[in-house]
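Next come the chains, spelled out residue by residue.
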There are 4 protein chains.
Amino acid sequence: MFFASDNSSPAHPKVIEAITQANAGYAMPYGNDPIMESARAKVRETFEAPEAAVYLVATGTAANALSLACLCPPWGAVYCHRNAHVEEDECGAPEFYTGGAKLVLIDGKDAKMSPEALERTIGFTARAGVHNVQKGMLTLTNATEAGTVYTPAEVAALSGIAKKAGIPTHMDGARFANAIAATGASPAEMTWKAGIDVLSFGGTKNGLMGVEAVVLFNPELAWEFELRRKRGGHLFSKHRYLSAQMDAYLTDGLWLEMAQAANSAAARLSEGILKVPGAKLVHPTEANAVFAAWPRGGHRKAQEAGAAYYLWPFSQPMEGPADELLSARLVCSWSTTDADVDRFLDLISG
Amino acid sequence: MFFASDNSSPAHPKVIEAITQANAGYAMPYGNDPIMESARAKVRETFEAPEAAVYLVATGTAANALSLACLCPPWGAVYCHRNAHVEEDECGAPEFYTGGAKLVLIDGKDAKMSPEALERTIGFTARAGVHNVQKGMLTLTNATEAGTVYTPAEVAALSGIAKKAGIPTHMDGARFANAIAATGASPAEMTWKAGIDVLSFGGTKNGLMGVEAVVLFNPELAWEFELRRKRGGHLFSKHRYLSAQMDAYLTDGLWLEMAQAANSAAARLSEGILKVPGAKLVHPTEANAVFAAWPRGGHRKAQEAGAAYYLWPFSQPMEGPADELLSARLVCSWSTTDADVDRFLDLISG
Amino acid sequence: MFFASDNSSPAHPKVIEAITQANAGYAMPYGNDPIMESARAKVRETFEAPEAAVYLVATGTAANALSLACLCPPWGAVYCHRNAHVEEDECGAPEFYTGGAKLVLIDGKDAKMSPEALERTIGFTARAGVHNVQKGMLTLTNATEAGTVYTPAEVAALSGIAKKAGIPTHMDGARFANAIAATGASPAEMTWKAGIDVLSFGGTKNGLMGVEAVVLFNPELAWEFELRRKRGGHLFSKHRYLSAQMDAYLTDGLWLEMAQAANSAAARLSEGILKVPGAKLVHPTEANAVFAAWPRGGHRKAQEAGAAYYLWPFSQPMEGPADELLSARLVCSWSTTDADVDRFLDLISG
Amino acid sequence: MFFASDNSSPAHPKVIEAITQANAGYAMPYGNDPIMESARAKVRETFEAPEAAVYLVATGTAANALSLACLCPPWGAVYCHRNAHVEEDECGAPEFYTGGAKLVLIDGKDAKMSPEALERTIGFTARAGVHNVQKGMLTLTNATEAGTVYTPAEVAALSGIAKKAGIPTHMDGARFANAIAATGASPAEMTWKAGIDVLSFGGTKNGLMGVEAVVLFNPELAWEFELRRKRGGHLFSKHRYLSAQMDAYLTDGLWLEMAQAANSAAARLSEGILKVPGAKLVHPTEANAVFAAWPRGGHRKAQEAGAAYYLWPFSQPMEGPADELLSARLVCSWSTTDADVDRFLDLISG
């Protein structure tokens, strides 16, 4: 019953196996290993993007911060949702890597940006010319921090506003696989066909040990990305172990299979919670995370039984009336079992 | 016959095994996993430093750049050898992480800093007060980029000059194990007992997949390090895979065993090369790298047979008289076999 | 009828005279001129702060950005009002000088921070530990961007919240003299006695050519400030011309005399506008700026007659019904005359 | 007898007069004043560069650092002479403004870069691809820190090497007027016709209060320069006082007249020193600075009589044999009089 985060799950056995196989003998360093060639080809094929530049890093923060630094000058505004990971959970990595760009916060329900809010805010930017930060870039998160999902049409609407303003769009896809599994869209439809210029294509939260690909659909920025990656300390000498993970991820649909499993577990969990008297959803359950509220009594039983998850927001007190609602975040992963879900539901329903 | 770099070697099977074991079940992220507790304890024990703060990152550049950023203000001088990795091979990562500190280059034979040169250069610094960069810090590399080794006494002499100037000392120990294997000094003698404040304790070049520990002997900087690591994108969510590598590294002396094997292979190689008519060493062979020159004819045979290594400097032409000396760098690792060494020696002697 | 900004006014003749006198003969550079000694003594006396470190720079953005950089680490949050100059009008200079700190926006009426909003936002900061930016510092603007003024008690209330959170407080006093003239508080009461650690003490908008003093009430940061100033290119070699301006400013109360004149002019303007049928204030007039709305017809007449000022916000259309209200910002300075004010009032009343 | 630095001289009376005149009435801020239009036109005319973008800042460090930041990416090498002001006297401002570029030091006699050394060093850069900093830009100082001067042909030779490597060239012309006065070259011949892309055109050391123009011969970088200037806190609101200085500087040849006077004074001083028994030049006297050595006895007499200048290097002891040579730097300016020079020569000859 571990729902604290998808980053607490193990790697898929096929990933460990791929690493073990990659370990045989000598290999050229820094991404010049043959497995990287294979992984790159699979990324390009997956995204129907034969020209895309593809790079691997080991953390989502690195993938995002390097992408932003390539797309936005130091005096630019990075438009992001108020609850975006880049704003809330990276300790200022975007500011560090961009050389001090300003994250400009956009509102919107369920962690999804409102097109009106985006358009209005972009309209305000740089209205005093040289005195203000300038229009820089847009970054969207899909699936979002609230477990919701943008459709390709929604992505296109937002990236279209950016394009009209002359700025590029990045997608933080730490949970990209979950968004694809949720919508049934193709990776291409969700990205470059919808106006995405650069994607952080996550693997760590979805069954890898620690690999994210950065996909630059416009390869003009490739060399700058390579320099920034090296300069940030994110170029691995023994790169083959990153390559092997990404290669396994994209072999026989493993990435989607794991995301589907995670999404299914979340759906099962979500449906089950709604049967608890008084329970309700805080955000719609569209990907692999459930944001829901149910009576404190159920929380107590679950936590006493060792269930791991976060009250959301953190600050809600465990002491208090048993029938008062407390809200929580529950994250499923490829390794979440029906048994775990059902046991959890039993506990909170009791 | 792969002597291009120690970073082209595979990880030791025990490391892969440790990762496989670490993969079981759920684990708390970001270094809060129990294996990290074990690894931390082993680092502290190895260095006889029970108070030391210990952090893991995945690349040597990250370990160095984060260490420098904690020790040197943006307006400080980082005294380093002209051939140091931080100067030559990190694409400016030290400048990026420190916010623009200046690397001030110190000369010295065989990539070892001359105490006189260091003292003289420190003496020049900030002689015009606010107009110059200020005395910042010292960083030493051990084993060096030329395959030589500082003794603890030599380290203490240099760090003593730094201390007199009121500045701290960092050691880039990407090949720290090789220096320990070479000198027989204890890790404590080579570091904090010799005046080192922060150590980049390398594992990647010595049989791990990709882990370096940063050891802060003075734990006052610990929180700043944590923030800089996160902000740099170097805090791993699935941290257990780093923990497991470091834990295996320090179990049953694996780290030293691997370094000894690498050093022995280099010694065998070095001795063999000296038997080649006309051959000579460019630098003394003290750790796991051999810098030597032998006739072009031998190079041709080796390269035709598929031996991998770099001419050093790169720019020497393969065409030319067969008896002319060309110099090269040959790096051994834990996985270098006597058979490989002997076959190589046969080729270049032929 | 020039109400576009106080930075469009000339310097006071006494300032020009001081510069002319300072020009005689040779003088030591970089602030080692005797006039700086005099100016420093006058600043200390004015603020009853005999230990304060006092430095001059030539722009308000430099004064603010350097102050922030001394008070806030790169991973810190700078709490400021949503409409603060540091947020809206410095093209990211705070981010640049701090190395990427995050400006966290606080709401509050009339450009004055609400203590509740500040406390709540500080409470949210760093709730996820190393993953978030950390509590950094507070910065207040007095007089504010909306022409309002904090009393010493209001400043103390806000700085007290900061102190409770363990962080320092800066005051952007580009219009500090106007705030003093408005409240009758002493400079000490408005600053260090109310919890201010560092003050940007403005002169440029109040009759100087271009000088701001940075007053560090705690001189421990003095040397860091000097290094940052030099490194930012803000240390003047021919410093005497800055010294002379600040010295003249604080001679015989010139600084307050000019601020009083500006505030009086704004009061006269404000009162006059309120007599225009339909007119109303957008913010209370407390210092030297008037934010008011009156019918479009009056705007047209004023602008046709050459009155210079900004519609606020900029985007309001001049075409439209004559009786519709348009809002504007009108800024007075030491050189604003009653005649100008009255002529303007005549025009908009017509 | 003030030879400590040209930045200790007063401003020319015509400059003070221009400022006084500029003070009349209201003026648009931030460079939108009519005097700036005039000054810009005069710069363009002086340099025969009708398309050049021209901006004013108040310090040489700002002019240089902003120029470098526009020309060099954070991962670039800035090739400069070992004794360049950007390397030795700006407390790391170039590193700060560029976001951490690396100053790569080139040797050469009399503070003039050796073309061979430049070519060799550029050849080394980035030989390990992504692992090294990349070729960034060249910066030359004219007149140099050693009082010597590059001819247009020498500038063209060096900028030609840069061009061949695909990188731009900046000139630090803090003493540009002295170089023009020394060579008789036209400003155009010394700059864009000789391959200079951006010039820091100094005024402060040559009779202004504090103004340097940055001349971008290729105006494509203009907007980026404006943003960097603002973000650095170097955009003046009351810009007219900078405009007025530059306008006066370029009126009726004042700038060249002052430089000629300074150079003549240095020549007189240099010739006189050579008549002192035992005296010799350390560098040729080509512009407004004299680097010479003469017996300690003469230094003692001069200093007792109140002559201000620096021993060069600083560290030479005033105690010791009277006939031992000590070397010194003596800088002349527009305001140096023959009487001062002759009195000084009398003292050291005694």
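Conventions adopted
Residues numbered from 1 in each chain as written. Chains lettered and ligands numbered in written order. Predicted model: local features only at pLDDT ≥ 70, side-chain atom pairs only at ≥ 80, totals over all residues. Contact = placed C-beta atoms within 7 Å. Helix = DSSP H or I, 4+ residues; strand = E, 2+ residues; numbered from the N terminus. Nonpolar A, V, L, I, M, F, W, Y, C, P; charged D, E, K, R; others polar. Least-squares fit on C-alpha atoms with pLDDT ≥ 70 in both. Core = buried A, V, L, I, M, F, W, Y, C linked by C-beta atoms within 7 Å. Buried ≥ 20, exposed ≤ 12 C-beta atoms within 10 Å, placed from the backbone. Pairing = 2+ DSSP bridges. Axes fitted to C-alpha atoms, helices over the stretch in contact; angles between N-to-C directions. Domains from an automatic or database assignment.

Caption draft 1: Looking closely at the interface of chain A and chain B. Opposite the 39 residues of chain A that make contact, chain B presents 39 residues. Breaking the side of chain A that touches chain B down by element, the ones donating at least two residues are helix 1 (13-22), helix 3 (60-71), helix 5 (93-98) and helix 10 (222-231) of chain A. Partitioned by chemical class, the residues of the side of chain A that touches chain B number 20 nonpolar, 16 polar and 3 charged.

Caption draft 2: Seen up close, the relation of the copies chain A and chain B. For the match of chain A to chain B, the screw axis carries a shift of 0.0 Å, the RMSD comes to 0.0 Å, and the turn is 180 degrees. What the rotation and shift describe, once combined, is the action of a two-fold rotation axis. Ranked by how close their C-alpha atoms come to the rotation axis, the residues of chain A are headed by glycine 232 of chain A, at 3.5 Å. The overlap is high: 100% of the interface residues of chain A also sit at the interface in chain B, so the same surface is used on both sides.

Caption draft 3: Representation of the interface of chain D and chain C in the model. On the side of chain C, 38 residues touch chain D, which itself brings 38 residues to the contact. Mapped onto the side of chain D that touches chain C, the elements with two or more residues apiece are helix 1 (13-22), helix 3 (60-71), helix 5 (93-98) and helix 10 (222-231) of chain D. Across the side of chain D that touches chain C, the residue classes tally to 19 nonpolar, 16 polar and 3 charged.

Caption draft 4: Representation of the nonpolar core. Val215 of chain A, Val215 of chain B, Val215 of chain C together with Val215 of chain D are the most contacted members of the largest nonpolar core, which totals 487 residues. Contacts of valine 215 of chain D, omitting those with residues within four sequence positions, involve Val43, Phe47, Ala52, Val54, Val198, Leu199 and Phe201 of chain D.

Caption draft 5: Highlighting the sheet that holds strand 7 (residues 212-216) of chain A. Residues and elements named next belong to chain A. In spatial order, the strands read 1-7-6-5-4-2-3; together these 7 strands make up an open sheet with mixed pairing. Lying at the two open borders of the sheet, with one neighbouring strand each, are strand 1 (53-57) and strand 3 (102-106). Neighbour-to-neighbour, the strand axes of the sheet open up by a mean angle of 20 degrees, direction not taken into account. Here 4 bridges tie strand 4 (residues 134-141) to strand 5 (residues 169-173), and the two strands are oriented parallel to one another. Looking at strand 5, one finds that threonine 139 is bridged to histidine 170. Its contacts with the sheet put helix 3 on strand 1, strand 2 (76-81), strand 4, strand 5, strand 6 (198-202) and strand 7, and the angle it makes with strand 6 is roughly 175 degrees.

Caption draft 6: Examining the domain arrangement of chain A more closely. Residue and element names in this part refer to chain A. The domain architecture assigned to chain A consists of domain 1 (11-254) and domain 2 (258-349). Domain 1 and domain 2 are separated by 29 Å when their C-alpha centres are compared. Between domain 1 and domain 2, the residue contacts involve 17 residues of the former and 15 residues of the latter. When residues of the side of domain 1 that touches domain 2 are assigned to their parent elements, the largest contribution, 6 residues, is made by helix 8 (residues 176-183).

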